[in-house]
Amino acid sequence: MLFTSKFSSPIGSIRFVSTADNLKQVILPTQSLSAKLSHDLESKEIPLLLQCAEQLEDYFLGKRKVFSLPLEPEGTPFQVKAWMALCSINYGETVTYGQQAKAIGVPNGARPVGSANALNPLPIILPCHRVIGSDGKLRGYAGGTDQLHIKEFLINHERANF
């Protein structure tokens, strides 16, 4: 059984999807639910989803720098490795896709890392917004360039509260 709830944030309504024990997906305002997770959903604020909302609220208030939630992102082994490496990027800092690739042992893997980050099912929690182009520019967020305003907001929010 999967559970879902919504959270109102400065970037819009965010939706969470979890099992009873692990967070599976964070859905940003213009994203849709993963087809894999769209069945057997129950709208219910279980303790994990309440904890997720509390931690995100603290994050948006500038009080939380690191999330401590049980996670279960679904992806290929490479994607999961790339996503989990995002947790090593400090709050308020950014790295390039190339730097992230080197950190996971794929020195020439900037493009595959960028592709993996575009599919990150747990944005903000696994902070792919902290990864930028080698020229310092924002290159994409949540699977497209139409979400760059969210990435820019999150980076600026963290720098202001660093």
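Every chain's residues receive numbers from 1 upward, in the order its sequence appears when written. The predicted origin of the model limits local features to residues at a pLDDT of at least 70 and limits the giving and counting of side-chain atom pairs to 80 or more, whereas totals for whole chains, interfaces and linings rest on all residues. Side-chain numbers come from the whole structure's heavy atoms, not from hydrogens or water.

Visitor: Where do I start with the sheet that holds strand S4 (residues 41-43) in this structure?
Guide: Through backbone hydrogen bonds, the strands of a sheet pair up, either in parallel or in antiparallel fashion. DSSP bridges decide pairing: two strands pair if at least two such bridges lie between them. Segments assigned H or I by DSSP are reported as helices when at least four residues long, segments assigned E as strands when at least two residues long, and all are numbered from the N terminus. Spatial strand order, S3-S2-S1-S4: 4 strands in an open sheet with mixed pairing. Strands with a single pairing partner mark the edges of an open sheet, and in this sheet they are strand S3 (23-27) and S4. Sheet twist, expressed as the mean angle between neighbouring strand axes with direction ignored, is 30°. Pairing of strand S1 (residues 2-9) with S4, which is carried by 3 bridges, proceeds in the parallel orientation. Paired with Thr-4 across the bridge in S4 is Ser-43. Between N-to-C directions, angles span 0 to 180 degrees; the directions come from axes that are lines fitted to C-alpha atoms, helices contributing only their stretch in contact.

Visitor: How should I be thinking about the state of the cysteines in this particular structure?
Guide: A covalent bond between the sulfur atoms of two cysteines is referred to as a disulfide. Two cysteine sulfurs form a disulfide in these notes if their separation is within 2.5 Å. If you walk through the whole model with that rule in mind, you get 0 disulfides. Just so you know, Cys-87 is unpaired, no disulfide at all, and the nearest cysteine sulfur is the one on Cys-128, 11 Å from it. Only protein chains enter the area calculation, which uses a 1.4 Å probe; residues under 20% of their type maximum are buried, those over 50% are exposed, and those in between are partly exposed. For Cys-87, a relative accessible area of 45% corresponds to the partly exposed category.

Visitor: Looking at this structure, how should I read the layout of surface pockets?
Guide: Gaps between atoms show up when a probe of the same size as a water molecule is rolled over them. Here the second largest pocket defines a volume of roughly 260 Å³. The method works on a 1 Å grid over the protein atoms by themselves. A cavity is a set of points holding a 1.4 Å probe that cannot get out, a pocket is an open set with protein on both sides within 12 Å along at least five of seven lines, and residues with an atom within 4 Å of a point line them. Taken together, 19 residues form the lining of the second largest pocket, with Tyr-97, Ala-110, Gly-114, Ser-115 and Arg-139 sitting closest to its centre. Secondary structure elements with two or more residues in the lining of the second largest pocket: helix H3 (97-103) and helix H4 (110-118). At 6 residues, H4 tops the list of elements feeding residues into the lining of the second largest pocket. Grid points are joined across faces, edges and corners, and a volume is the space filled by probe spheres set on the points.

Visitor: In this structure, what is going on with the nonpolar core? I would like to understand it.
Guide: What tends to happen in soluble globular proteins is that the nonpolar side chains get buried as a cluster. Each nonpolar core is a collection of buried residues, namely Ala, Val, Leu, Ile, Met, Phe, Trp, Tyr and Cys, held together in the definition by side-chain atoms within 4.5 Å. With 39 residues, the main nonpolar core has Ile-14, Phe-16, Leu-23, Leu-56, Phe-60 and Ile-124 as its most contacted residues. Secondary-structure elements contributing two or more residues to this core are S1, strand S2 (12-18), S3, helix H1 (47-60), helix H2 (77-85), H3, H4 and helix H5 (148-160). The element best represented in this core is H1, accounting for 7 residues. Contacts are assigned to residue pairs that have any heavy atoms within 4.5 Å of one another. Those residues in contact with Phe-16 that lie beyond four places of it in its chain are Phe-3, Thr-4, Ser-5, Phe-7, Leu-23, Gln-25, Val-26, Leu-49, Cys-52, Ala-53 and Leu-56.

Visitor: Would you explain the environment of Leu-119 in this entry?
Guide: Here Leu-119 lies in the loop between H4 and strand S6 (131-132). A residue is classified by how much of its surface remains accessible, and Leu-119, at 54% relative accessible area, is exposed. C-alpha separation for the pair Leu-119 and Glu-74, spaced 45 residues apart in sequence, amounts to 9.9 Å. Contact partners of Leu-119, with chain neighbours within four places excluded, come to Gln-79 and Trp-83.

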